[in-house]
Amino acid sequence: MGVDTIRAASTFDHPILFGSFCAAVAAIHLYSDMTAGTRFFQLALCLVGCVASLSSASLLAFFMIVALFSYDALLRTYRWRWKLLWCVLLTGICALFIASENPASWLFRNVTLDPQTSYFRLLIWDAAINQISDHPWFGIGFNSTGNPLLDDSTDSLWLAKAVTYGLSTIALLFLAGLAAVIPIRGQADIRRRDPVLDRMCTSFSLVLAAITFISITCYFWNAVWLFSILCVGIRVTLKEQCLLARKSPRPNDLAYNNRALSLRRAAPWATVSS
């Protein structure tokens, strides 16, 4: 891939942002309640967007979502399927750290489409880690780092935020996303009784997983950054639905709660019967 390669950006500021968006929304289409043909068509459009953007992170995230959807569909009757997946994932990460002296270097060399971009990303990571070690807690703000690589472009959301705002900020950002997907007690039974809520929870959990994966090697701003924060908020709202369903003795499927909310808006004095 040369410097003259044409990449699609659509209405986004950069092709990587376009590819990131296409990969993330693939999970929403897969778990929608539309017909199989419509979902397949929308999934194909997402794949075309990822390919046209020529973003390796977006393509990997897309196929990761498809693989996780297939895994979920095949083992849907087994409640322990996600716990097994977490165990396998953590084991693989530990094995990578044990087998490789520099896991980031191995990742960039083997998962990027252009070896040249992996080389520059390694330089950026080395420079950013040195900068973070000098100002670990609150970063340097919007001051210049003095390093042309970092001042020009930091191709990692986590590195860029850590350089600017410090490790405390990215820790809070990571915990916000993690808190959105951690299940509450009894959530599995609640979601089993409400298939719509279950699909939405799973789809937006995969959206956040894709965004987190892509953001390791890409920086988000403008529309995709706002979309990422919006997805965190939606996932928290879905978790709140599960919490309300656990606390209330009345029917608490998603359709009921939406009907109750619409009625309260139309007539605040009205009550909703079971």
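Please refer to the structure higher up on the page.
All figures in this text were calculated on a predicted structure; none of them were measured in a lab.

Observations regarding the nonpolar core
Soluble globular proteins: nonpolar side chains tend toward being buried together.
Consideration 1: Residues F62, V207, I214, F220 and F227 are the most contacted members of the largest nonpolar core, which totals 42 residues.
Consideration 2: Among the elements of the structure, α1 (15–30), α2 (36–53), α3 (56–74), α11 (195–214) and α12 (222–247) are those that each provide at least two residues to this core.
Consideration 3: The element best represented in this core is α1, accounting for 10 residues.
Consideration 4: Dropping the residues within four chain positions of it, F227 is found in contact with F21, A24, V25, V207 and I211.
Consideration 5: Membership of the second largest hydrophobic core comes to 11 residues, among which are A127, L150, W158 and L159.

Remarks on the packing of α2 against α3
Consideration 1: Between α2 and α3, whose axes approach to 8 Å, the crossing angle comes to 155 degrees. One finds that α2 runs roughly antiparallel with respect to α3. For the pair α2 and α3, the sense of crossing is left-handed. Side by side, α2 and α3 meet where R39, L43, C46, L47, C50 and V51 of the first sit next to S58, L59, F62, F63, V66 and F69 of the second.

Focus on α1
Consideration 1: Under the 1.5 Å per step criterion, the end-to-end length of α1 is 23 Å for 16 residues, consistent within 8% with the ideal 22 Å.
Consideration 2: By the criterion of burial, α1 is predominantly enclosed, with 13 of the 16 residues buried.

Description of a nonpolar patch on the surface
Consideration 1: Judged by side-chain polarity, W86, L89, L90, I93 and F97 come together as a nonpolar surface patch covering roughly 530 Å² of accessible area.
Consideration 2: Residue placement: L89 occurs in helix α4 (residues 81–99).

Rules and cut-offs
Sequence order as written defines residue numbering, which begins from 1 separately in each chain. In keeping with the model being predicted, local features are shown solely for residues with a pLDDT of at least 70 and side-chain atom pairs are shown and tallied solely at 80 or more, while totals for entire chains, interfaces and linings include all residues. Note: side-chain values were computed over all heavy atoms of the structure, leaving out hydrogens and water. Buried Ala, Val, Leu, Ile, Met, Phe, Trp, Tyr and Cys residues that are joined via side-chain atoms within 4.5 Å together make up what is termed a nonpolar core. Relative accessibility decides the category of a residue: with a 1.4 Å probe and only protein chains considered, values under 20% of the type maximum give buried, values over 50% give exposed, and everything between is partly exposed. In this text, helices come from DSSP runs of H or I with a minimum length of four residues, and strands from runs of E with a minimum of two, each type numbered from the N-terminal end. Any two residues having at least one pair of non-hydrogen atoms within 4.5 Å are treated as being in contact. Structural elements are reduced to axes, namely lines fitted to C-alpha atoms, with helices fitted over the stretch in contact, and the angle between N-to-C directions of any two is expressed from 0 to 180 degrees. Relative orientations are named as follows: roughly parallel for angles under 35 degrees, roughly antiparallel for angles over 145 degrees, roughly perpendicular for angles from 65 to 115 degrees, and oblique for any other angle. Crossing handedness: left-handed means the near helix sits turned counterclockwise from the far one by under a right angle, and right-handed means the same turn made clockwise. Take the number of residues in a helix, subtract one, and multiply by 1.5 Å to get its expected span. Patch definition: residues with relative accessible area over 30% and no salt bridge; like charges joined within 9 Å; nonpolar side chains (Val, Leu, Ile, Met, Phe, Trp, Tyr) joined within 5 Å. With residues, only the protein chains shown are counted as cover, and all accessible areas are computed by Shrake-Rupley using a 1.4 Å probe. The rule for a salt bridge is simple: a side-chain nitrogen of Lys or Arg has to be within 4 Å of a carboxyl oxygen of Asp or Glu.

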